[in-house]
Amino acid sequence: MTCASTLDIPHADATVLDNAAWHSLAGPHASFAIGGDLVRRYPADVAPFVAVRTWDEPGVWDALRDLVGPGNDVGLSGYDGEIPAGWEYVGGGEGVQLVETDALQTRPDDEAVELDAADAADMLAIVDRNQPGPFRPRTYELGRYIGIRREGRLVAMAGERLHPTGWTEISAVAVDADHRRQGLASRLVLDVAFHIQQRGDRALLHAAATNVNAIAAYEKLGFALRRRNRFAAVRTPA
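Numbers given to residues run from 1 along each chain, matching the order in which its sequence is written. Local features in this predicted model are restricted to residues whose pLDDT is 70 or higher, and side-chain atom pairs enter the listing and the counts only when it is 80 or higher, whereas totals over whole chains, interfaces and linings include all residues. By convention in this description, side-chain values take in all heavy atoms of the structure and omit both hydrogens and water.

### As for the pattern of salt bridges
Reasoning step 1: Salt bridge, as used here, is a side-chain nitrogen of Lys or Arg placed within 4 Å of a carboxyl oxygen of Asp or Glu. Scanning the entire structure with this criterion turns up 21 salt bridges.
Reasoning step 2: In this structure, Arg226 and Asp18 form a salt bridge, with 2.8 Å as the shortest nitrogen-oxygen distance. Of the two residues, Arg226 sits in strand 12 (residues 223-235) while Asp18 sits in the loop between strand 1 (3-4) and helix 1 (20-25), which places them 208 residues apart along the sequence.
Reasoning step 3: When accessible area is computed with a 1.4 Å probe and restricted to protein chains, residues below 20% of their type maximum are described as buried, those above 50% as exposed, and intermediate ones as partly exposed. Judged by relative accessible area, which is 7%, Arg226 ranks as buried.
Reasoning step 4: Between Arg150 and Glu111 there is a salt bridge, with its nearest N and O atoms 2.8 Å apart. Pair noted here: Arg150 is in strand 8 (residues 145-150) and Glu111 is in the loop between strand 6 (88-100) and strand 7 (113-115), with a separation of 39 residues, a long-range link. Here a strand is any run of E in DSSP of at least two residues, a helix any run of H or I of at least four, and the numbering for each starts at the N terminus.

### Regarding the nonpolar core
Reasoning step 1: Put simply, a nonpolar core is a bunch of buried Ala, Val, Leu, Ile, Met, Phe, Trp, Tyr and Cys residues held in one set by side-chain atoms that sit within 4.5 Å of each other. If you look at the biggest cluster of nonpolar residues, it comprises 27 residues, and the most contacted ones within it are Ala156, Ile170, Leu188, Val189, Tyr218 and Phe223.
Reasoning step 2: For this core, the secondary-structure elements that each account for two or more residues are strand 6, strand 8, strand 9 (153-160), strand 10 (167-175), helix 4 (184-198), strand 11 (202-208) and helix 5 (212-221).
Reasoning step 3: Ranked by residue count, the leading element in this core is helix 4, at seven residues.
Reasoning step 4: Contacts are residue-level and defined by heavy atoms, with any inter-residue pair within 4.5 Å sufficient. Contacts of Phe223, omitting those with residues within four sequence positions, involve Leu98, Val99, Glu100, Thr101, Leu104, Ile170, Val189, Ala203, Leu205 and Tyr218.
Reasoning step 5: Formed by 14 residues, the second largest nonpolar core is a distinct cluster that contains Val39, Val50, Val52 and Val68.

### Examining helix 3 (residues 120-130)
Reasoning step 1: The set of residues buried in helix 3 consists of Ala120, Met123, Ile126, Val127 and Asn130. Burial along helix 3 is one-sided: seen end-on, the buried residues are contained in an arc of 130°. Summarising the geometry of helix 3, the exposed residues directed more than 90 degrees from the buried face are Ala121 and Asp128.
Reasoning step 2: On its buried side, helix 3 packs onto strand 7, strand 8, strand 9 and strand 10.
Reasoning step 3: In the stretch just after helix 3, Gln131 is the one whose phi turns positive, near 50°. When we speak of the arc, we mean the arc of directions from the helix axis to the C-beta atoms.

### A word on the sheet that holds strand 4 (residues 50-52)
Reasoning step 1: Here the rule is simple: two strands pair whenever DSSP picks up at least two bridges between them. In space, the three strands of this open sheet follow the order 2-3-4, with antiparallel pairing throughout. Edge strands, defined here as strands with exactly one partner in the open sheet, are strand 2 (34-35) and strand 4.
Reasoning step 2: As paired strands, strand 3 (residues 39-41) and strand 4 are joined by three bridges and run antiparallel to one another. Among the inter-strand pairings, Val39 is bridged to a residue of strand 4, identified as Val52.
Reasoning step 3: In this analysis an axis means a line fitted to C-alpha atoms, helices contributing only their contacting stretch, and an angle means the value between N-to-C directions, from 0 to 180 degrees. Each of strand 2, strand 3 and strand 4 touches helix 2 (residues 60-68); the most contacted strand, strand 3, lies at about 30° to it.

### Topic: the side chain of Asp201
Reasoning step 1: Within the secondary structure, Asp201 sits in the loop between helix 4 and strand 11.
Reasoning step 2: One polar contact links Asp201 to His163, side chain to side chain, over a distance of 2.8 Å.
Reasoning step 3: Polar contacts, as used here, are pairs of N or O atoms within 3.5 Å; protein pairs need one atom able to donate a hydrogen and one able to accept it. Residues neighboring in sequence count only if both atoms are side-chain atoms. A distance of 3.0 Å separates polar atoms of two side chains, one belonging to Asp201 and the other to Thr168.
Reasoning step 4: Sequence-distant contacts of Asp201, defined by excluding residues within four places in its chain, comprise Glu100, His163, Gly166, Trp167, Thr168 and Ile196.

### Comments concerning the packing of aromatic side chains
Reasoning step 1: Ring geometry is summarised as follows: Phe, Tyr and Trp rings, the Trp one being its six-membered ring, pair when their centres sit within 6.5 Å, and such pairs are stacked at plane angles under 30 degrees, edge-to-face over 60 and tilted between the two. Enumeration over the complete set of coordinates arrives at seven aromatic pairs.
Reasoning step 2: Both rings, one in Trp61 and one in Tyr79, keep their centres 5.2 Å apart while their planes meet at 75°; by these two values the pair is edge-to-face. Of this pair, Trp61 sits in helix 2 while Tyr79 sits in the loop between strand 5 (73-77) and strand 6, placing them 18 residues apart in sequence. Pair check on accessibility: Trp61 and Tyr79 agree, each one buried.

### Notes on the environment of Pro137
Reasoning step 1: Tracing the backbone through its elements, the reader meets Pro137 in the loop between helix 3 and strand 8.
Reasoning step 2: Distance in space between the C-alpha atoms of Pro137 and Leu124 is 6.9 Å, their sequence separation being 13 residues.
Reasoning step 3: With residues near it in sequence (within four places) discarded, Pro137 still touches Asp45, Ala120 and Leu124.

Right under this line is the structure:
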């Protein structure tokens, strides 16, 4: 079940966050969009997200199957109903959405460097070591990514992913085990949020509901829970 808090979020339309992937693909990320008026997705090497405009529209499941293809897995966010006959439930869980509040004190970080295509292999490697969430070979194209290097090695990273109008998601927050408890993740989050605000957007984050340590750290920085939602993975009919 989804539930949004009564948190007051000025200066931006928060309703787009109820379907952040769709409003990204129908808005600032439209150049990445594959699909039509009902279902869209990112290229597979950019991000795994598939977005549905509304689950109430007749034919949505057919459109979803046509876009993803037969016998393939697809993630569903915010859908709580029954899946049609022939579809297979693969797994799921609960996530949280957090948004910035006035308590968030952003600032650029002097040690952070911007990452681009030349750093793609290092970005994939740090994601593989730390598993912060989905990250594909071209995910860095979705926004600004930064990192901290020590002796040439990328040991910490964060960046921008979903981009519904007026908002930018901070994602891929990863720090190697031997560099944790030094405040690197917080520093990078504050830097990313600073540049988001400089563009006139507001920052949001997503996390698994079970990742209580990360949620507590984000709340300490000045983020607040806005929404809980279920996510599920299903397999299209063969």
